[in-house]
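Commentary on secondary and tertiary structure
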Amino acid sequence: MSITNDTKSPAQVAEELVRGVASFDLMPALSQAVAVVESRGGTPGGIHDLPFQESTVYDLSVTSANQANIPVIGSVSGGVNRRVVVLERRAYAKQTVADGIEYQGYAIRLVVTVNKLDASMKISLPFLAASAEVGTIEGKWMLQVVGLSGPKMDSAAIPPSELSVETFVLAKQSLTNLIAGIEDPTTQFLPQRVYIEKTDQQKQRDLMVAIGSCYALAALEKRWKAQDALNRISGANPAVTDAVTDVYRDFAGIQNPVEVPSTAVQKAARDLLDHVNAGPR
């Protein structure tokens, strides 16, 4: 079984992606392929063991992109209005892990960071490039390859660039070359996590950890002892209290629960919190 059973050429796949046409391809002999993958515990042994192949176009917040290890190009202004548009070709097998369903395989992504994106705007590279050309938006793009390496991948990758009508052509060509290089004999495949479907319980735990971490930073900014900070949230979810302890230990370097945080730690916490204010001092 080969992923080249897809009837679309690399140029056609790239064209669909840049035009914002998301497609879903289920590879031939899927039931047989799934049985092979499941017999191996869900981990693909080679590039031809991957039963799912997709072309997807989507946009993310900066926070969501960072959590998914998708690069965000920081020079684009816009603050909270920034969005990350992803044009992605991926193939994967699924396996169950502690925090959900993991997609193991490879991904080729053209990632565009824009300073603003609203519901009226088309999520397509030509539209975004034209908008950047006339100054409606500011954007920058880069390529990301996950799970694949080799000369073809290296030669097709080019440095990040400002988004414009001119660089749109370069982006599309580079994307085409990367997709074409997947089946090249010199391309090496090392399965990587390309996506995770988290369980509801894991999503809730992540939020609890975030709450605890932010609370701990606010407590450090007030120079509360760790024990005092924990006493104030007595009975909280263990994930919250564990996060507080971790921040005091790993961020502040405080092992003793009755140690008063230094002014240097206070400043570091304040700088990290930036404009977040947990209440009166």
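A brief structural summary. (Residues numbered from 1 in each chain as written. Predicted model: local features only at pLDDT ≥ 70, side-chain atom pairs only at ≥ 80, totals over all residues. Heavy atoms only, no water.)

**Overview of the overall build of the protein chain**
Within the protein chain, the secondary structure is distributed over 10 helices and nine strands. Buried residues in the protein chain amount to 45% of all 281 residues. In the protein chain, 73% of the contacts between residues at least 6 apart in sequence involve partners at least 24 apart. Carbon together with sulfur atoms contributes 53% to the accessible area of the protein chain, which is approximately 14400 Å² in total. (Helix = DSSP H or I, 4+ residues; strand = E, 2+ residues; numbered from the N terminus. Buried < 20%, exposed > 50% of the residue type's maximum accessible area, 1.4 Å probe, protein only. Contact = heavy atoms within 4.5 Å. Areas by Shrake-Rupley, 256 points an atom, 1.4 Å probe, with all protein chains shown as cover.)

**Observations regarding the packing of aromatic side chains**
Per the stated rule, a full pass over the model turns up five aromatic pairs. Ring centres of Y92 and Y103 lie 4.2 Å apart, and the angle between their planes is 15 degrees; on these two criteria the pair is classed as stacked. Placement of Y92 in strand β3 (residues 83-97) and of Y103 in strand β4 (residues 100-114) is noted, with a sequence separation of 11 residues between them. The same class applies to Y92 and to Y103, which are both buried. Aromatic side chains Y103 and Y195 sit 5.0 Å apart centroid to centroid with 65 degrees between the ring planes, which places their arrangement in the edge-to-face category. One end of the pair, Y103, is in strand β4; the other, Y195, is in strand β9 (residues 192-198), with 92 residues separating them in the sequence. With relative accessibility at 5%, the residue Y103 sits in the buried group. (Phe/Tyr/Trp six-rings, centres within 6.5 Å; stacked < 30°, edge-to-face > 60°.)

**Considerations on the pattern of salt bridges**
Going through the model one piece at a time under the given rule, you end up with 13 salt bridges. For E15, the salt bridge goes to K172, with nearest N and O atoms at 2.3 Å. Of the two residues, E15 sits in helix α1 (residues 10-18) while K172 sits in helix α6 (residues 165-180), which places them 157 residues apart along the sequence. With relative accessibility at 25%, the residue E15 sits in the partly exposed group. Here K172 falls in the partly exposed class, since its relative accessible area comes to 24%. A salt bridge links D271 to K267; its shortest N-O distance comes to 2.8 Å. In this pair, D271 and K267 both sit in helix α10 (residues 263-273), four residues apart, roughly one turn of the helix. One continuous salt-bridge network, built from bridges that share partners, spans E54, E88, R90 and R109. (Salt bridge = Lys/Arg side-chain N within 4 Å of Asp/Glu carboxyl O.)

**With respect to the nonpolar core**
In terms of nonpolar packing, the biggest core is built from 36 residues, with L110 and L125 touching the most fellow members. Taken together, the elements giving at least two residues each to this core come down to α1, β3, β4, α4 (125-133), β5 (139-146), α5 (151-156) and α6. Excluding residues within four positions of it along the chain, L125 makes contact with V18, L87, L110, V112, L163, F168 and A171. Residues Y215, A216, I233 and A252 belong to the second largest nonpolar core, which totals 20 residues. (Core = buried A, V, L, I, M, F, W, Y, C linked by side-chain atoms within 4.5 Å.)

**A word on α4**
Because each turn of an α-helix spans 3.6 residues, side chains separated by three or four positions in sequence point in the same direction. Every buried residue of α4 is listed here: L125, L128, A129, S131 and A132. Buried residues of α4, seen end-on, are gathered within an arc of 160 degrees and therefore sit on one face of the element. Of the surrounding secondary structure, the elements contacted by the buried residues of α4 are α1, β3, β4 and α6. Directly after α4, the chain includes G135, whose backbone phi takes a positive value near 85 degrees. (Arc of directions from axis to C-beta.)

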